[in-house]
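Structure assessment
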Amino acid sequence: MQATLDVAVVGGGICGLTTAIALEQRGIEPTVYEAASDYRPVGAGILLQANALLVFDRLGIVDRVRAAGKPLEDVRIRSPAGRVLSRFDLNGVERSAFGYGAVAIYRADLQRILLDELDGTVETGTACTAVDAGETPTVRFDDGTRVRPDVVVGADGIHSTVRDAVVPDVELRTLDSVVYRAVAEIELPPAHRALGFEVWGDGTYAGGAPIGDDRFYWFATVAGRQAESAATTRDQLSPLRNRLADYPEPMPSVVNSLEPDDIVVTALEDVPPLERWSHGSVVLAGDAAHGMYPFAGQGAAQAIEDALALAHSLAAREEPSAAIDAYVAERMPRAERVRSESHRLGTIATIRSRIGCRVRNLAFGLCPDAVFRRARRTRIAGTSLPTTPDAGHGTGD
């Protein structure tokens, strides 16, 4: 590792902050550049599966993450009529195999933990406008300033500006649906306090998980044309309540507790397979490299895996170019497999044919639970984590 390696991390979200922490613990002092003027409690919930928690264990913050979130014992997929199509016993599968189950957490709480852990500099209000991937890369910001670090990490999300310097003119892929997300303030009955669930309906995929004793992360997809017919979120909430009224609890109770301002509406987009993740000393991580549909619950986890792998590689090698090549060779095949799986699941989950939905649900209901357990183990176990930190104070080894 170069003793004075200068790393600019563009994007101060979960991927960017985790990357900065991992670098810092390995003796590299990065600077994080975040477009937002300040960190506000925005967003909804995140499901952190065992592979994400294993990274946080290496970074010494897993106990804080688990305390701030809600460990889940079980996740169930149901039909709209309430029939259980599949069940994931998280304690029995993930905890026994990997030492951790899944944790549902409010995005802002996770972000706060990461910010508290990071000692280095976070420059807020610095939106990246362009990156020149020359021999010494240059990052330009909207206030006219520029920096020339040794390495630029593009952790600036699915609509990445840094990605244009690596693979220009990438067109995101979209499903003909939008996703609604919210955090409901609601007292859950005991049966649902450690239970995640999904409901696979006709054109509507919905679900959620508790992220605290009185908070529930909720989501639902709706076909795009239906969403576009309503001018405002207020107009959309009443049809959503009607559409989900007959779904199994706690779905109706959660949706009825929401106010229009609680809901965030976004398109369902993913990044197509990229021919490369780096150009010179500019390298992509997280959603900038492999933004994926949420249906496998692995978007954040794959970004968190990227963070540790990239930091480890930069700290372990003298030349940044060799470090970046090694990181890409390790992470690109795995992240692409997960992204591809998420894409397939998204296509299946948002089927809008009533007959197609019945066939899908019947097939899922007949599929042995062992098949789903194997799929989850493979998805989680595919990562390779460094056994010891290169420097600093990572724990859990």
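What counts and what doesn't
Residues numbered from 1 in each chain as written. Predicted model: local features only at pLDDT ≥ 70, side-chain atom pairs only at ≥ 80, totals over all residues. Heavy atoms only, no water. Helix = DSSP H or I, 4+ residues; strand = E, 2+ residues; numbered from the N terminus. Buried < 20%, exposed > 50% of the residue type's maximum accessible area, 1.4 Å probe, protein only. Contact = heavy atoms within 4.5 Å. Areas by Shrake-Rupley, 256 points an atom, 1.4 Å probe, with all protein chains shown as cover. Phe/Tyr/Trp six-rings, centres within 6.5 Å; stacked < 30°, edge-to-face > 60°. Salt bridge = Lys/Arg side-chain N within 4 Å of Asp/Glu carboxyl O. Expected span 1.5 Å × (residues − 1). pLDDT = per-residue confidence, 0-100. Pairing = 2+ DSSP bridges. Right-handed = clockwise from strand over helix to strand, strands pointing away. Axes fitted to C-alpha atoms, helices over the stretch in contact; angles between N-to-C directions. Parallel < 35°, antiparallel > 145°, perpendicular 65-115°, else oblique. Left-handed = near helix turned anticlockwise from the far one by under 90°. Core = buried A, V, L, I, M, F, W, Y, C linked by side-chain atoms within 4.5 Å.

The chain is annotated in an unreviewed UniProt entry as FAD-dependent monooxygenase of Natrinema thermotolerans.

Summing up its helical and strand segments, the chain has 14 helices and 19 strands in all. Buried positions account for 55% of the 397 residues belonging to the chain. Intrachain contacts of the chain at a sequence separation of at least 6 include 74% that bridge at least 24 residues. By element, 48% of the accessible surface of the chain is carried by carbon and sulfur atoms, the whole surface being about 16,300 Å².

Evaluation of the coordinates by the stated rule reveals eight aromatic pairs. Both rings, one in Tyr 205 and one in Phe 219, keep their centres 5.3 Å apart while their planes meet at 35°; by these two values the pair is tilted. Here Tyr 205 is found in strand S15 (residues 205–212), whereas its partner Phe 219 is found in strand S16 (residues 215–223), with 14 residues between them in sequence. Tyr 205 gets classed as buried once you look at its relative accessible area, which sits at 3%.

For the coordinates displayed, the defined rule picks out 16 salt bridges. One salt bridge in this structure joins Asp 270 and Arg 339, with 3.2 Å as the shortest N-O distance. Residue Asp 270 is found in strand S17 (residues 264–270), and its partner Arg 339 is found in helix H12 (residues 320–349); the two are separated by 69 residues along the sequence. For Asp 270, a relative accessible area of 0% puts it in the buried group. A relative accessible area of 3% means that Arg 339 is categorised as buried. One salt-bridge network, in which partners are shared between bridges, spans Arg 173, Asp 270, Glu 336 and Arg 339.

Over its 18 residues, helix H11 (residues 299–316) runs 26 Å from end to end, which matches the ideal 26 Å to within 8%, given 1.5 Å per residue. In terms of burial, H11 is a largely internal element, 14 of the 18 residues being buried.

Here the focus is the confidence of the model for the chain. Caution is warranted with low-pLDDT regions, since their predicted coordinates should not be read in detail. Residues at a pLDDT of 70 or more form 85% of the chain, whose mean pLDDT is 86. Counted against residues more than four places away or in other chains, residues 226–231, with its pLDDT under 50, gives seven contacts.

Time to look at the pairing of strand S2 (residues 31–34). Every second residue of S2 is oriented toward a common face, with Thr 31 and Tyr 33 on one face and Val 32 and Glu 34 on the other, all of them buried. The sheet contact formed by strand S1 (residues 7–10) and S2 spans three bridges and is parallel. Paired with Val 10 across the bridge in S2 is Tyr 33. Once the chain exits S1 it traverses helix H1 (residues 14–25) before rejoining the sheet at S2, and the crossover so formed is right-handed. When S2 meets strand S8 (residues 121–124), the two strands line up parallel, connected through four bridges. When the sheet's bridge partners are listed, Val 32 is paired in S8 with Val 122.

Here we come to the environment of Gly 82. Here Gly 82 lies in the loop between strand S5 (74–78) and strand S6 (84–89). Its relative accessible area of 19% is what places Gly 82 among the buried residues. For the pair Gly 82 and Val 199, spaced 117 residues apart in sequence, the C-alpha to C-alpha distance is 8.1 Å.

The next subject is the environment of Arg 66. Among the secondary structure elements, Arg 66 is positioned in helix H3 (residues 62–68). Given a relative accessible area of 25%, Arg 66 falls into the partly exposed group. Residues Arg 66 and Ala 102, spaced 36 residues apart in sequence, show a C-alpha to C-alpha distance of 9.1 Å.

Bringing the environment of Asp 325 into the picture now. Within the secondary structure, Asp 325 is located in helix H12. Placed twelve residues apart in sequence, Asp 325 and Ser 313 show a C-alpha to C-alpha distance of 9.0 Å.

The next subject is helix H5 (residues 107–117). Within H5, burial applies to Ala 108, Asp 109, Leu 110, Gln 111, Ile 113, Leu 114 and Glu 117. Of the surrounding elements, those touching the buried residues of H5 are H1, strand S3 (45–48), helix H2 (50–58), H3, strand S7 (102–106) and S16.

Contact geometry for H1 and H11: axes closest at 8 Å, N-to-C directions at 30°. Our classification of the angle between H1 and H11 gives roughly parallel. Like other packed secondary-structure pairs, H1 and H11 cross with a definite hand, here right-handed. Residues Ile 14, Cys 15, Thr 18, Thr 19, Ala 22 and Leu 23 of H1 form the contact with H11, whose own contacting residues are Ala 303, Ile 304, Ala 307, Leu 308, Leu 310, Ala 311 and Leu 314.

Below, the discussion takes up the nonpolar core. Counting 71 residues, the largest nonpolar core has Leu 48, Phe 56, Val 65 and Leu 110 as the members making the most contacts within it. Residues contacting Leu 110, with those up to four places away along its chain left out, are Ile 14, Ile 46, Leu 48, Phe 56, Val 65 and Ile 105. Counting 24 residues, the second largest nonpolar core, distinct from the first, contains Val 75, Tyr 205, Tyr 217 and Phe 219.

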